[in-house]
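Reading the structure
For reference, the chains in residue letters:
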Amino acid sequence: MGRKNATRTKRRNLLRKMRNHNKRSGLFNGNVERPVEFIVVWASILAFIVGMWIFLMNLGLNKRDYVRGDLVYEGSYRKNDSVVFTLSGGEYYSSAEFCDLDGIAALKGGEVLSVITAKDDVISINYDNKTLLSLEDSEREDAEGKRAATIIFGLFAGLWLLYVAASVLVMCNAHKMPRWLVVVFVEPSYLTRFQKK
């Protein structure tokens, strides 16, 4: 009977050690309860950043949206940093910085302009072999805006990934790190092992 209990005790101790080992070898070395919640939140925030970047990239000029045509000039006026053109009954916007404002002021109503439009923007205007708004200037302005958005969102994504990497490092070694540092990255109620000081 004594031998039977000893074998049973050894088996129980071995199973207990295996369970403890499996807990420690899980995500974050077993230091964090419900680690999947952290991963889902981190991935969701990164997906939001990338989604916003993709959304902003699609707001700009896209060559498949270009429509070439001859439209009748009805008038134009300045509005903040843009010029609003009334062409064949529709309103189109363009950056005043790249327009030949003197050439546009000389236009009379009813004249036919060769234009390229994209959505509600006019991006090229030619009249009587004169370029009043250059397609290259409009595309260059759009490319600069997209480049700035890519840099900004790239910085956001990079900072977020640095935060995630630091969080993983702290969570894997939560029992070795100072308490104040661990609390910065994870709420103490999520920790299974935690250094008291």
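Up top you'll find the structure we're talking about.
Given the structure is predicted, the values throughout are model-derived calculations rather than measurements.

Quick look at the environment of Leu113 now. The topology assignment puts Leu113 in strand β4 (residues 112–118). Leu113 gets classed as buried once you look at its relative accessible area, which sits at 0%.

For the rest of this paragraph, the subject is helix α2 (residues 35–59). The end-to-end C-alpha separation of α2 is 37 Å, in line with the 36 Å expected for 25 residues at 1.5 Å each. Among the residues of α2, those classed as buried are Pro35, Phe38, Trp42, Ile49 and Met57. Of the surrounding elements, those touching the buried residues of α2 are α4 (135–172).

With that settled, the discussion passes to the packing of α2 against α4. Between α2 and α4, the least distance of the axes is 9 Å, while the angle of their chain directions is 175°. Compared by their axis directions, α2 and α4 come out roughly antiparallel. Along the lines of polarity and charge, the residues of the contact of α2 with α4 split into 19 nonpolar, 2 polar and 1 charged.

Within strand β2 (residues 82–87), 6 of the 6 residues are buried, leaving the element largely enclosed by the surrounding structure. Taking every second residue as pointing to the same face, both faces of β2 are buried, with Ser82, Val84 and Thr86 on one and Val83, Phe85 and Leu87 on the other. Both strand β1 (residues 66–79) and β2 contribute to a ladder of 6 bridges, which runs antiparallel. Within β2, the residue paired with Tyr77 across the bridge is Val84. The hairpin formed by β1 and β2 contains 2 residues between the paired strands, and Asn80 there has a positive phi angle of roughly 55°. Pairing geometry for β2 and strand β3 (residues 90–95), over 6 bridges, is antiparallel.

Conventions used here
- Residues numbered from 1 in each chain as written.
- Predicted model: local features only at pLDDT ≥ 70, side-chain atom pairs only at ≥ 80, totals over all residues.
- Heavy atoms only, no water.
- Helix = DSSP H or I, 4+ residues; strand = E, 2+ residues; numbered from the N terminus.
- Buried < 20%, exposed > 50% of the residue type's maximum accessible area, 1.4 Å probe, protein only.
- Expected span 1.5 Å × (residues − 1).
- Contact = heavy atoms within 4.5 Å.
- Axes fitted to C-alpha atoms, helices over the stretch in contact; angles between N-to-C directions.
- Parallel < 35°, antiparallel > 145°, perpendicular 65-115°, else oblique.
- Nonpolar A, V, L, I, M, F, W, Y, C, P; charged D, E, K, R; others polar.
- Pairing = 2+ DSSP bridges.

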